[in-house]
Each structure stands twice: as C-alpha cells, then as structure tokens.
Amino acid sequence: MAEETKEKVVKAPKEKKLADPVAASMDLATQIMIKRAQELGVETVFDRAESMKPCNIGIQGTCCKNCAMGPCRLPLTKSVEEGSDERKGLCGATANTIAARNFARMVAAGASAHSDHGRGVAEVFMSVAKKETNDYKIKDPQKLIAIAPYLDVATTVEVDGKTVDRNLDEIALEVAENALNEWGKPSGELRYLRRAPQPLYERWKKLGVLPRNIDRETVEIMHRTHMGVDQDYKNLVKQCTRCALGDGWGGSMLATDLQDVMFGTPYPLQSEANLGIMKQDHVNIIIHGHEPILSEMIVAAAQSKEMIDHAKSVGAKGIQLGGICCTGNEMLQRHGVPPAGTFLQQELAIITGACEAMVVDVQCIFQNLANVAKCFHTKLITTHPIAKMEQDNVVHIEFDEHHAMEDAKRIVKMAVDNFKNRRAEVMIPRQKATQIAGFGVESIKYHLGGTFRGDYYTLNDNIINGRIRGIAGVVGCNNARTRHNEAHITIVKELIKNDVIVLTTGCNGIACAMEGLLSPETAAVFCGPGLAEVCETVGIPPVLHLGSCVDNSRILLAATEVVKAGGLGKDICDLPAAGSAPEWMSEKAISIGHYFVTSGVYTVFGLHLPMSGAPVFQDYMYNELEKIYGGMWDCEADPIKHAHKMIAHIDKKRKALGIDKARDRVLMDMADRQKLEAM
Ligand code: BF8
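So, how was this worked out
- Residues numbered from 1 in each chain as written.
- Predicted model: local features only at pLDDT ≥ 70, side-chain atom pairs only at ≥ 80, totals over all residues.
- Heavy atoms only, no water.
- Helix = DSSP H or I, 4+ residues; strand = E, 2+ residues; numbered from the N terminus.
- Contact = heavy atoms within 4.5 Å.
- Areas by Shrake-Rupley, 256 points an atom, 1.4 Å probe, with all protein chains shown as cover.
- Lys, Arg positive; Asp, Glu negative; His and termini not counted.
- Charge placed at Lys NZ, Arg CZ, Asp CG, Glu CD.
- Donors = N, O, S within 2.8 Å, 3.2 Å for Na, K, Ca; no water.
- Tetrahedral: all angles 85-135°; square planar, octahedral: opposite > 155°, others 65-115°.
- Domains from an automatic or database assignment.
- Buried area = accessible area lost by both parts, 1.4 Å probe.
- Salt bridge = Lys/Arg side-chain N within 4 Å of Asp/Glu carboxyl O.
- Polar contact = N/O pair within 3.5 Å; in protein donor to acceptor, adjacent residues only side chain to side chain.
- Buried < 20%, exposed > 50% of the residue type's maximum accessible area, 1.4 Å probe, protein only.
- Pairing = 2+ DSSP bridges.
- Near = heavy atom within 4 Å.
- Nonpolar A, V, L, I, M, F, W, Y, C, P; charged D, E, K, R; others polar.
- Patch = residues over 30% accessible without salt bridge, like charges linked within 9 Å, V, L, I, M, F, W, Y side chains within 5 Å.
- Axes fitted to C-alpha atoms, helices over the stretch in contact; angles between N-to-C directions.
- Parallel < 35°, antiparallel > 145°, perpendicular 65-115°, else oblique.
- Disulfide = S-S within 2.5 Å.

Chemist: Outline the overall build of the protein, supporting the account with residue identities and numerical values.
Modeler: Scanning the protein from terminus to terminus reveals 30 helices and 18 strands. Overall size of the protein, expressed as C-alpha extent along the three principal axes, is 80 × 70 × 65 Å. Counting contacts in the protein only where the partners sit at least 6 residues apart, residues at least 24 apart contribute 74% of the total. Put simply, the protein shows about 27000 Å² of open surface, and 52% of that area lies on carbon and sulfur atoms. The centroid of the 78 positive side-chain charges in the protein is displaced by 2 Å from the centroid of its 85 negative side-chain charges.

Chemist: Give me the lowdown on the coordination of the nickel atom of the ligand, citing residues and values where you can.
Modeler: The sole protein-derived ligand of the nickel atom of the ligand is Cys549 (SG), positioned 2.2 Å away. Taken together, the four donor atoms coordinating the nickel atom of the ligand span angles of 91 to 162° at the metal, a pattern that classifies the geometry as irregular. One can find Cys549 in the loop between β15 (543-545) and α25 (552-565).

Chemist: Got a sec to walk through the domain arrangement of the protein? Specific residues and values, please.
Modeler: Assigned domains of the protein: these are domain 1 (275-421) and domain 2 (433-675). Just the C-alpha atoms count here: the centres of domain 1 and domain 2 sit 33 Å apart. Facing the 16 residues of domain 1 at the interface are 23 residues of domain 2. Carbon and sulfur atoms make up 67% of the area that domain 1 and domain 2 hide from each other, which totals about 1400 Å². Ranking the residues of domain 1 by area buried against domain 2 places Gln333, Thr342 and Leu344 at the top, with a combined share of 35%. Summed over the shared surface of domain 1 and domain 2, the number is zero salt bridges. Inspection of the region where domain 1 meets domain 2 yields eight residue pairs in polar contact (both at pLDDT 80 or more). The set of elements that each furnish at least two residues to the side of domain 1 that touches domain 2 consists of α15 (325-335) and β8 (339-341).

Chemist: Account for the pairing of strand β5 (residues 269-273), with residues named and values stated.
Modeler: The two faces of the sheet receive side chains in turn, since in a regular strand these alternate between them. On β5, burial follows the alternation: Leu269, Ser271 and Ala273 on one face are buried, whereas Gln270 and Glu272 on the facing-out side are not. Both β5 and strand β12 (residues 433-437) contribute to a ladder of five bridges, which runs antiparallel. Across the sheet, Leu269 pairs through a bridge with Ala437, a residue of β12.

Chemist: Go over the site of the ligand, please, and point to the residues and values.
Modeler: The ligand sits among His290, Cys325, Cys326, Phe343, Cys364, Gly476, Cys477, Cys507, Cys549, Met585, Ser586 and Lys588. Separating an oxygen atom of the ligand from a side-chain N or O atom of His290 is a distance of 2.7 Å. Within the side chain of Lys588, a nitrogen or oxygen atom sits 2.8 Å from an oxygen atom of the ligand. The residue makeup of the shell around the ligand, split by class, is eight nonpolar, three polar and one charged. Both domain 1 (275-421) and domain 2 (433-675) contribute no fewer than three residues apiece to the shell around the ligand.

Chemist: Describe a nonpolar patch on the surface, with residues and values.
Modeler: On the surface, Met69, Leu90 and Met227 cluster together to form a nonpolar patch covering roughly 300 Å² of accessible area. On the secondary structure map, Met69 appears in the loop between β1 (63-64) and β2 (72-73).

Chemist: An account of the packing of α25 against helix α26 (residues 587-597) is requested, with residue identities and associated values reported.
Modeler: Closest axis-to-axis distance for the α25/α26 pair is 11 Å, and the angle between their directions is 10°. Taken together, the axes of α25 and α26 are roughly parallel relative to one another. Of α26, the residues touching α25 (which contributes Asn552, Ser553, Ile555 and Leu556) are Ile592, Tyr595 and Phe596. Residues belonging to the contact of α25 with α26 are distributed by class as follows: five nonpolar, two polar and no charged.

Chemist: So what about the environment of Ala387? Which residues, and what values?
Modeler: Position of Ala387 relative to the elements: it lies in the loop between β10 (379-382) and β11 (394-396). Residue Ala387 is classed as partly exposed on the basis of its relative accessible area of 22%. Residues Ala387 and Val360, 27 residues apart in the sequence, show an inter-C-alpha distance of 8.7 Å. When near neighbours in sequence (up to four residues on either side) are disregarded, Ala387 contacts Asp361, Val362 and Thr382.

Chemist: Give me the lowdown on the sheet that holds strand β17 (residues 602-605), citing residues and values where you can.
Modeler: The parallel open sheet is built from six strands, whose spatial order is β15-β14-β13-β16-β17-β18. Where the open sheet ends on each side, the last strands, each with one partner, are β15 and β18 (633-635). On average, each strand axis in the sheet is inclined to that of its neighbour by 25°, with strand direction left out of account. Where strand β13 (residues 470-474) meets strand β14 (residues 500-504), five bridges bridge the pair, whose relative direction is parallel. Across the sheet, the residue bridging to Ile471 is Ile501, located in β14. Against the sheet, helix α21 (residues 486-497) contacts β13, β14, β15 and β16 (577-581), and its axis sits at roughly 145° relative to β14.

Chemist: Help me get a handle on the side chain of Arg101, residues and values and all.
Modeler: Tracing the backbone through its elements, the reader meets Arg101 in helix α7 (residues 95-129). Buried and unpaired, Arg101 has no salt bridge, with Asp230 as the nearest side chain of opposite charge at 7.8 Å. When near neighbours in sequence (up to four residues on either side) are disregarded, Arg101 contacts Cys64, Asn66, Ala93, Thr225, His226, Gly228, Val229, Asp230, Gln231 and Leu236.

Chemist: Account for the sheet that holds β8, with residues named and values stated.
Modeler: Taken in spatial order, the six strands make up an open sheet running β8-β7-β6-β9-β10-β11, and their pairing is parallel. Whereas interior strands pair on both sides, the edge strands pair on one side only; in this sheet they are β8 and β11. Sheet twist, expressed as the average angle between the axes of neighbouring strands with direction ignored, equals 30°. Here five bridges tie strand β6 (residues 283-288) to strand β9 (residues 355-360), and the two strands are oriented parallel to one another. Along β9, the bridge assignment pairs His288 with Val360.

Chemist: Got a sec to walk through the pattern of salt bridges? Specific residues and values, please.
Modeler: By the definition in use, this model includes 44 salt bridges. In this structure, Arg48 and Glu347 form a salt bridge, with 2.8 Å as the shortest nitrogen-oxygen distance. Of this pair, Arg48 sits in helix α4 (residues 45-51) while Glu347 sits in helix α16 (residues 346-351), and the two are 299 residues apart along the sequence. For the salt bridge of Glu494 with Lys497, the shortest nitrogen-to-oxygen distance reads 3.6 Å.

Chemist: Got a sec to walk through the state of the cysteines? Specific residues and values, please.
Modeler: Disulfide: a covalent bond formed between the sulfur atoms of two cysteine residues. Tallied over the full model, the rule gives zero disulfides. Here Cys375 stays unpaired: no disulfide links it, and the sulfur of Cys355, its closest cysteine neighbor, is 13 Å away. Here Cys375 falls in the partly exposed class, since its relative accessible area comes to 40%. Free cysteine Cys635: the closest other cysteine sulfur is in Cys477, separated by 14 Å. The class for Cys635 is buried, based on a relative accessible area of 17%.

Chemist: Run through the side chain of Asp247, naming residues and quoting values.
Modeler: Within the element layout of this structure, Asp247 appears in helix α12 (residues 233-263). Polar side-chain contacts of Asp247 include one of 2.8 Å to the side chain of His114. Reaching out from Asp247, the side chain makes a polar contact with the side chain of Ser252 at a distance of 2.6 Å. In this structure, Asp247 is in contact with Gly110, Ala111, His114, Ser115, Ser252, Met253, Ser591 and Tyr595, ignoring residues within four places of it in sequence.

This is how it looks when you write it as structure tokens:
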C-alpha cells in the first residue's frame, strides 16, 4: 500500500456513534444526563453499547475457549434447526457440553462473588466476636439468637438442673467459628440447607446435590469444566445446582444474616431514589459496590459532628451520601440513605459535576469510571484489596475492619476537601421519587402476619381467597443492551395490575423506587382490586424491597415461611410464585437464577440466555428441570409476555392447589355482582 493511502486510513477514524438518550433509558433523569455527557464529550456505557455489538456466537453460549486449540465456535446452523447436529469442537465437545460448561462457569463466578462477600462479612463478625475491633458491634442480638440454632450453636445451657440463657459473647464466638467453617469444612453438608422446607431438603438429598461446603463446589465446577473432564451436560448441571445452592442457602444467606446481626435487621423506612438526591450545596459522596462493611463506616463517619463541621468550614451546607448498586440498597435498608441510581447510572452520578468522591468496593463497578472521573474533580477511591484500577487518577485507600472508622474518616475528609475543586458547571437532574424500603422476612411477618394463627397467616389467607393472585420475586441488573429500566417497570406494573405481589432486590428495587412503585399510594393507582385492597388495609406498597442481591436469600426464607404458614402446599414448588430478572447482565444473576430454579421456582430471564445455540441443553433447562426440582428456567425478552408467562405459572399452581375458584370470585366485576344479586 502506498504511504499516502496508509496515511489516509490512519487519519480517517470512524465517527463514534452516540446513544439516543430517549431510546437508551425510560428514566428522565438518565436521559438528561446522557445528553449532558454527550454535550461535554464524555463517553458513557450507553454510547459504547451503540458502537460495540455483542458476539453472536457468545450470545448463543456455544463458544468454547477453555483450551488453546480454540476458541471453538459452534453457531446454530440450518441443519441443527432441522434436527441434525453434527457440530463439534476440536476435542469433539458438543454444543450441549460447551453451553453447559459456559453456564457452569457463570454459576461458579456468580456464586463466588456472593460467597466471597459473605466470607468477608463472616471474618469481620469473627473480629467482633473476638472483640478485636471497636468499630463494629452486635446491633441485633435477637437475630444472633435466632440464627444460632441453624448453625448448631446452643443458646441456652443447663445449670443446676435449670435451663438458662447462654452468654451472648460465647454464642457470638461459636456462631462466627461455625459460620466461617461453612466455606471449607472437610466433611458434612451446609448447615443452612435444613432451613428449607423438609420435602425440598429431602429432594436435594435424594438427588445428591447437597453442597458440601461453599468453596468446594465452585472449585469443582472449575475442575469439571477444564478441558477433557465432564462431558455430560446433565452431570454439569447437577454440579451447577450444588454450587448455586451453596450460594443462595450458604454464602448469600450467611452474608445477609451476619450483616443483620452486626448492622441491624432492616425495618421499613422512608427514603428517596434517583440522581436528584444529590445536592448542589452539599458535599456529595457516592458509595458504590456491594459490601456494607465499608458503607456502614462511611455512613457513621459522614454523620459525625467532626465531618459535618468540616464540610461547613469549606462552604458546604452538609454531607449528602448516595448509593449506587447494592451498596445503595444496603445503606438504604438500614439507614434510609437514598440510592442515586442503578448500575447503569454510575457514570452519570459523576457527570453531574457535583460528586466529590465516588467510593467503590467490589462488583458491578465500571472501569470507565476512572476515565469519567478524569473529566471532573471527582476523587475515585478504591477500597478493597481485590478490586483496584490501573488508571493513575484512582486513589486506593485500603479498608480494614481493625481501623475502619479511621479509614472512613480519611475517605470522607478527602471528599470534603475536594468540594472547593468543582470544575464543570454542576447539573443535577431534579428527578427523584419517595420510597418505603427495608422489608425482610421479619417485617413481612409483622405486616402480613397473624398473632394467633401462624406467622404469615394474613398473606396466605389472602392468596387462598384470591385477593393476592400470587407472589413474584423480580430482581437483578440493568443491561445496556436494552432500554434502561423499561423491562423492570413494565413487568412489575403488569404483575401488580394482575394482583401479584412483588418482592424485589438489587437494581430492580432501585428501578422500582425511581419510578415511585415503592410507596403505599401506588396500590390505588397500579394494582388490581384484590392486591390494592390488601395493601391499603395493611399500609404497605405492592412492591416490597428486600435489599441487595445477597438478600435474595430473604426471598428464599420468605417463601419458606409461606410454606410453613400452611394452606399453600408443602414445598416452595407448590406455591403460586415465580421469579424474574428482566434486565440481567451479571454472572451473579445466573447463580441466583439457578438456586431459585432448583429451590422450586419457575424463573424467567429477560434479553437472552446463553444456551440458545444448544437446543437440547436449553430444552433440559427450560422443561426437564421442572420434573426434577419443581422449578425451571425460561427466557422472554418481551416484558408483557414475560409477566404473563409468570402469571400463567402462578395460575397453574393455583389450580393444582384447588384455589383457582376463589380467584374467580375476586375477579367478578360490578355487572357480575349485580347478576348474582338479581338471582
Ligand atoms: O448485585 S442487580 S447490576 S448491583 S449484579 Fe450488579 Fe446486577 Fe445491580 Fe448488585 Ni446484583
């Protein structure tokens, strides 16, 4: 090629496509900030989603890169669709094996993220039990006593023939030891599995899928998916089950419980949500990530007189904290700190020009935050030894439970000192909504329980009489491949319109809050008549926010309580219930989905699932699993169809329970009633 032509090629870069703000998000604040970013020439995930398209074979789940003879790519072909599948990798691996291996590795990564978070919490809890730290304490001794028996820790002792309460410090130490053991004990099975309904536990036992310890199951997935090991997709799925159950009923559940013991069990409180929570005249600190070990201390430091006085001394009116992702949910449910947005809004919080510091720990953190922060005065602070960033404008302040308050104050002070350095014109969108959050197994018991007839009696009674058609768990991420929040909101609205009560966590919870669906007033506007009546009587929103993604364990336990309260079958798979992750993107969502499915829940994901390239494997996941576990996977990108698949499943379960007639009565309109009266 002539030199001149070469020059031309280099000098003519393709113009970058920009996102259309309205097509990218249904949320007005987000649209405003995408536009603002584009005016300032700051690139965001929404723009990148325009210029880079996903790999068509990866999406199908049939690209194998587990050895250096590959990557071997096995896209769907016409002959496969016609029933003849000759596709093989170099080693002979079939599309089913490849898709199952890829799926298994996603489960392992997702379960590891939740469970390593849980381990970190358990380690801090051990420091508390050993009294090695003054910064963290046991805030909820009642919860400690409630969970101790599930970890085989006695709460009473016999003294002189009398039963007396055991010393709380002793209980804490033993709980810490037994909890930490769950990650690596050499024999036995996870203790928390016995919290599941008895028939479910027995089914897992019979199938040989009881997790032995949390870490072992992820290591075994990595072994089995190594080149030349497990080549039977059904056997791989079995190991996925062990690993995912070790997440839901293990690492995640332990994280939730020990966080509640140390930081307090959430109870309903009022707050707000969306970027409009940031304040022009305040020092704004955004905490992003997942572990409340960090955010608990930052909340305490930011509320200290010392730091508030310091903020005033630099000309600010105070300190405004806001959360992104699940740290946002953790701070919300225990302190009422408002989330500034979901996963897809993380860059936008900095683009307001009013973010003095963004403090991050682990999971769901864009590396591009560093590039965005460079365009503003924002200090981007990493805090976790396992999650650093390579860019040189990122500050690393390692957070350690032994001097947690000192670290937190250092971080808050850095943010306050940065207030005077604001460069760009501040532009905070006004949009924010009021929300009631902080629900959990305990508070549902309080609001929807009955004193005399069983803990979840009122809830069960209203499901049986048909005012509430069923229960949906709608959870999970945003994904830049689909319009931000649209599927979340459409599905949730369709469910409550059809009298299905929704339990939410993660970014779905934040999306619902931003849209105003987490307020009791919503019931009259969006719910069907039965659900509206219950919500108005009890004074709850139709969408109950149960916290972060590790708190999906609260949904498992809430479902177990519903089973225990009676009248709706003997197992989770008997309940008129379904799960959904409308805009999933994370490997954690796959682990969550699989522990829901294998706990008996029909679970529908939005967008696509990486198994469409292996139809036999996909059929096993979508259809055969129901015969084994009572729950199965499904995928539906259209949000209305997605909601109606869930409702159809709920109706199927109502019919099997013989309560479908009750539902018919509730659905009678005025004309039907008049007809009855005339008879
Ligand atoms: O763990 S919902 S985008 S923030 S992964 Fe991440 Fe998904 Fe949000 Fe919380 Ni969960």
